[in-house]
Amino acid sequence: MLIEKVVKPFNVVIDNIASDKSISHRCAMFSLLSDKTSHIKNFLTAEDTLNTLSIVEQLGATITRDGGDVTITPKATLVEPKNVLDCGNSGTAMRLFCGFLSSVEGAFVLVGDKYLHERPMKRVADPLRSIGAHIDGREEGNKAPLFIRGAKLNAFTYVSPIDSAQVKSAMILAALRANGVSKYKENELTRDHTERMLKGMGAKVQTNNEGFIEIEPLKTALKPLNITVPTDPSSGFFFAVAAAITPNSSVTIKNVTLNPTRIEAYKVLQRMGADVQFNQKEDIYEPIGDIVVSHKELNGVVVEENISWLIDELPALSIAMSLAKGKSLVKNAKELRVKESDRIVSVVNNLKLCGVTYTEFEDGYEIVGGSLHKATINSHGDHRIAMSFAVAGLHCGMTIEDTECILTSFPNFAEILSTLRV
Ligand code: S3P
């Protein structure tokens, strides 16, 4: 993919950014917890979430789909699939299905692409096994393919050593079919779509005074979902950075979730000096509204708190940091190493090709801002790396190799990016 430098300022309203990936995965999966038809509008029609939808179909649900309008009618009893369940590139799908399927009668094999097969699954396999789940896989259950045989699960009290919404969600899903009330605690709140959506469907999922999420097992089927999936703030963030680094430019990102666990990167951009406004319009499962980002000169910033709230946006933020005045520091972000690629390596290797001075740490990096030049960079098969450096291309031009991965989350990314150049 060849990106040309932008020559004129842009002031655009964007209403066709990809729908939220985390919420779309959960819509597909959670509809299986109801006995009625769920109606989902604006479902993300990208590779990752369409894979999840296929898995839901393999588990016996009847699905109709017209673009992003999806209905899902589950079977009374889930079907044991004849084939492997392909999660593609998605860690969210694989980890959440581990929790979901651990208590379902039958045998299930979860597979994915070559990148997903290298990502750690012990973080869900270990706590699930400790409550009675039968999960196995390569490297003693740490790597896919994973094999699950449904079992009876025990209620649990679990304090997670990792702040991960995927681990939390897997455990909450398992708890819904355990033999008593379960309790789950994380150090810092991670994205909470699972709790919000399950509560909206009628499940008893409550956080107590000590910070434990208490989950009661289901006695009956849940209410179906009736939801319009909001815009994905992580996908919208590429355009926020585009505006922040381009003089006299602005973008309005429409109908995006303003869930506080998802918009922290926009607040970092604000701290760096960009003009960022959040305009909430409604609250259905999630607060939803528009975000307006306008260019102002950017300064370096330290990012060391609330890391799980901006983990997916750090690659795009690294572009803003490279063009800011002064040094920026990212700390406590070791989780970056186990995302779709090792994002510390893929960010700094590509910044190096663009002439940026940096220091790499085990849990982050320091970037010396000021300039970034054209290069040919590699995505490392990681959609967020490809899109971050495409945005950098607006500043200086860029060639990005291996961009098919963008289809996993944001198929019309290049089309929207090209509208900034007219
Ligand atoms: C996700 C959780 C995050 C995020 C991922 C999607 C989810 O991972 O990086 O892209 O939908 O639950 P963690 O498990 O590290 O929180």
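Criteria and thresholds
- Within each chain, residue numbers correspond to sequence positions counted from 1 in written order.
- Given that the model is predicted, a residue must reach a pLDDT of at least 70 before its local features are reported, and side-chain atom pairs must reach 80 or more before they are shown or counted; all residues, however, enter totals for whole chains, interfaces and linings.
- Working from all heavy atoms in the structure, the side-chain values ignore hydrogens and water.
- Here a helix means four or more residues in a row that DSSP labels H or I, a strand means two or more in a row labelled E, and each is numbered from the N terminus.
- Residue burial is assigned from relative accessible area. The probe radius is 1.4 Å, only protein chains are included, and a residue is buried under 20% of its type maximum, exposed over 50%, and partly exposed in between.
- Expected span of a helix: the number of residues minus one, times 1.5 Å.
- Should any heavy atoms of two residues lie within 4.5 Å, those residues are considered in contact.
- Think of each axis as a best-fit line through the C-alpha atoms, taken over the contacting stretch in the case of a helix, with angles from 0 to 180 degrees between the N-to-C directions.
- For classification purposes, an angle smaller than 35 degrees is called roughly parallel, one larger than 145 roughly antiparallel, one from 65 to 115 roughly perpendicular, and anything else oblique.
- Left-handed describes a crossing whose near helix is turned anticlockwise from the far helix through less than a right angle; right-handed describes the clockwise counterpart.
- Note that Gly is not counted as nonpolar here; it falls among the polar residues with everything else outside the nonpolar set of Ala, Val, Leu, Ile, Met, Phe, Trp, Tyr, Cys and Pro and the charged set of Asp, Glu, Lys and Arg.
- Remark: nonpolar core denotes a set of buried residues (Ala, Val, Leu, Ile, Met, Phe, Trp, Tyr, Cys) joined through side-chain atoms within 4.5 Å.
- A pair of strands is treated as paired once DSSP finds two or more bridges between them.

Novice: Teacher, can you tell me more about unusual backbone geometry here?
Specialist: For residues besides glycine, phi is generally negative; the peptide bonds are generally trans as well. That bond from Ala-144 to Pro-145 is cis: its omega, 0°, falls within 30 degrees of zero. As for its position among the elements, Pro-145 is in strand E9 (residues 143–149). Of note in this structure, Glu-140 is not a glycine but carries a positive phi near 55°. Judged by relative accessible area, which is 62%, Glu-140 ranks as exposed. The backbone of Asn-248 sits at a positive phi, close to 65°, despite the residue not being glycine. You can see Asn-248 is positioned in the loop between helix H8 (233–244) and strand E15 (250–257).

Novice: Sorry, what's going on with helix H2 (residues 47–58) here?
Specialist: Every α-helical turn comprises 3.6 residues, leaving residues that sit three or four positions apart pointing alike. For H2, spanning 12 residues, the distance from its first C-alpha to its last is 16 Å, which sits close to the expected 16 Å at 1.5 Å a residue. Where the residues of H2 are buried, they touch helix H1 (21–30), strand E4 (62–66), strand E5 (69–73), strand E6 (85–86) and helix H3 (91–101). Positive phi appears at Gly-60, one or two residues downstream of H2, with a value of about 110°.

Novice: Explanation requested: the packing of helix H4 (residues 122–130) against helix H6 (residues 165–175) in the structure shown.
Specialist: How two helices pack is summed up by the angle between their axes together with the distance between the axes. Closest axis-to-axis distance for the H4/H6 pair is 9 Å, and the angle between their directions is 30°. Taken together, the axis directions place H4 and H6 in an arrangement best described as roughly parallel. When you trace H4 past H6, the crossing you get is right-handed. On H6, the residues touching Arg-123, Val-124, Pro-127 and Leu-128 of H4 are Gln-166, Val-167, Ala-170, Met-171 and Ala-174. Taken together, the residues of the contact of H4 with H6 sort by class into 7 nonpolar, 1 polar and 1 charged.

Novice: Just to check I follow, could you spell out the nonpolar core for this structure?
Specialist: Where a protein is soluble and globular, its nonpolar side chains tend to be buried together. If you look at the biggest cluster of nonpolar residues, it comprises 78 residues, and the most contacted ones within it are Phe-239, Leu-269, Met-272, Val-293, Leu-314, Met-398 and Phe-413. Of all the elements, helix H12 (residues 383–396) adds the most residues to this core, at 9 residues. Counting residues in each nonpolar core, the second largest holds 65 residues, with Leu-33, Met-121, Ala-125 and Ala-203 among its members.

Novice: Would you explain the pairing of E9 in this entry?
Specialist: Look at any regular strand and the pattern is simple: side chains alternate between the two faces of the sheet. Here strand E7 (residues 107–111) runs beside E9; their pairing, made up of 4 bridges, is antiparallel. Note that in E9 the partner of Phe-108 across the bridge is Ile-148. The pairing of strand E8 (residues 134–137) with E9 spans 4 bridges and is antiparallel. Residue pairing in the sheet places Ile-135 in a bridge with Ile-148 of E9.

Honestly, it's all geometry; don't read function into it.
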